[in-house]
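Chains, contacts and geometry: an overview
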Amino acid sequence: MNDLFRIILSQQRRIVTNIDPTKWTIGYCTNVHAGTDMKSIQQNLERFAVPARIEAGMDEIGVGLWLPATAAAQLAGQASDFAAFLGKLNLRPYTINGFPYDNFHQNVVKHAVYEPTWEDVSRLEYTQQLAEILAAILPPSDGGDGDAEAIGSISTLPIGWPTTGADGIAADPAHRWAAAGKQFRQLANYLKDLESRTGRRIVVAIEPEPGCLLDTATDIVAFFAKELPEADHRRYLTVCHDVCHSAVMMEGQADVIAQYADAGIMVGKVQVSSAVVADWQSMAIGRRREAIEQLKHFAEDRYLHQTMRLSATGQTTLTEDLPELIAKIAKDGDPVWGDDRWVVHFHVPIFLERFGHLTTTHADVLDCLRALVSNDQVQFSGHLEIETYAWSVLPEPMRKRGLAEDIASELLWLRRSIVESM
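Figured I'd write up the structure that's included with this text. The model shown is predicted, which means the values in this text are computed figures rather than measured ones.

Bringing the sheet that holds strand E7 (residues 267-272) into the picture now. One closed barrel holds the 8 strands; their spatial order is E1-E2-E3-E4-E5-E6-E7-E14, and the pairing between them is parallel. Strand-to-strand, the axes of this sheet are offset by a mean angle of 35°, without reference to chain direction. Judged from the 3 bridges that link them, strand E5 (residues 200-206) and strand E6 (residues 237-242) form a sheet pairing that is parallel. If you follow Ile 206 over to E6, its bridge partner there is Val 239. Running at roughly 180° to E6, helix H10 (residues 253-263) makes contact with E6 and E7 of the sheet.

Taken as a whole and assessed by the stated rule, the structure comprises 16 aromatic pairs. Ring centres of Tyr 114 and Trp 161 lie 5.2 Å apart, and the angle between their planes is 20°; on these two criteria the pair is classed as stacked. One end of the pair, Tyr 114, is in the loop between strand E3 (91-97) and helix H5 (121-137); the other, Trp 161, is in the loop between strand E4 (150-156) and helix H6 (173-198), and 47 residues separate them in sequence. Exposure class is identical for Tyr 114 and Trp 161. Each is buried.

The geometry of H6 relative to helix H7 (residues 217-227) is characterised by a closest axis approach of 10 Å and an angle of 70° between their N-to-C directions. The orientation of H6 with respect to H7, classified from their angle, is roughly perpendicular. Judged by the twist between their axes, the crossing of H6 over H7 is right-handed. On H7, the residues that touch Trp 177, Ala 178, Gly 181, Phe 184 and Arg 185 of H6 are Asp 219, Ala 222, Phe 223, Lys 226 and Glu 227. Here the residues of the contact of H6 with H7 sort into 5 nonpolar, 1 polar and 4 charged.

Parameters at a glance
Residues numbered from 1 in each chain as written. Predicted model: local features only at pLDDT ≥ 70, side-chain atom pairs only at ≥ 80, totals over all residues. Heavy atoms only, no water. Pairing = 2+ DSSP bridges. Helix = DSSP H or I, 4+ residues; strand = E, 2+ residues; numbered from the N terminus. Axes fitted to C-alpha atoms, helices over the stretch in contact; angles between N-to-C directions. Contact = heavy atoms within 4.5 Å. Phe/Tyr/Trp six-rings, centres within 6.5 Å; stacked < 30°, edge-to-face > 60°. Buried < 20%, exposed > 50% of the residue type's maximum accessible area, 1.4 Å probe, protein only. Parallel < 35°, antiparallel > 145°, perpendicular 65-115°, else oblique. Left-handed = near helix turned anticlockwise from the far one by under 90°. Nonpolar A, V, L, I, M, F, W, Y, C, P; charged D, E, K, R; others polar.

Below, the structure is given as structure tokens:
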């Protein structure tokens, strides 16, 4: 680690020492680490999470656990041992990322991350299994508002990706909403029973994502109104607000938080994340060409990188994956001259504002924090989870430090930003 970075870390540590830890719970999502079984998950926590905690100068850090189906099955009946393991390492479990069901680090993930969908009973059973695990390992008194309630959160996918049958006709979204809604209501009943058995309130947070059946705050509000209208549903079923996803959909952060507050939908978790921005109108033609060369490095094969295009006339068009646009450039010439900006679903470090000719939605993270602080009507668990899962596929120049140090720098930046938002 170079001297400049040590100075930055030292400055951040001094700034964040006065944070009230009972206000919000802050951690990072462990889906950044490969490994689908409990042995590799524990090894990764020892290899990366502990050094990140030490590097950040923190006695304890939150970990948003990613437990794919294989690991979740291995934990059945063994959760107390895992809780002891986490406690020994001073790692605080408070949330689980239940979105990726299978191997999130295979060579090609793309649309596979949306399987199984919420129409499939295996998705319900997996989420129930995660809830049992989290209830068993959740430390006491983990209410985000500092009360005595033990609460944990699990993020999950927004039903699934739109599908098309062999006849080329898209599946009816209303039918898919209804099928998913039925399973979510079963889940709410299960979580109610779990709370009565354990005293632990586990909330499942539906995470809108660009291109999915629910990809905006408006979709979430409509889905809850139609399928999850009752108070018992909403005690346990909430929304996961991913800042990057919302930014790709070009939603205002304060507007989104206000929509959830007005609809009586709890924000069960905020995933703190940032997207890539190509602000074409601020670039000369030569710079645009150089920016396109930069973007090519983000058109990688593992994850889906949905890209929203904003035209000079204010029209928005969502492209399913960035490589489609890069291929179109190679085939047809440069299509960006009529566009104002592109926002790319690629989780980049949350403290990063600009690199080369590209920028980020870094400011949206700050807007989100301010909205959570200033909107006294919003119901918020207090769970903040940094989800920069794409470190391993970032362009090489952006990966100069070790992963533990990168995680530490994001944790410190977020803690400092919360102080500045208050």
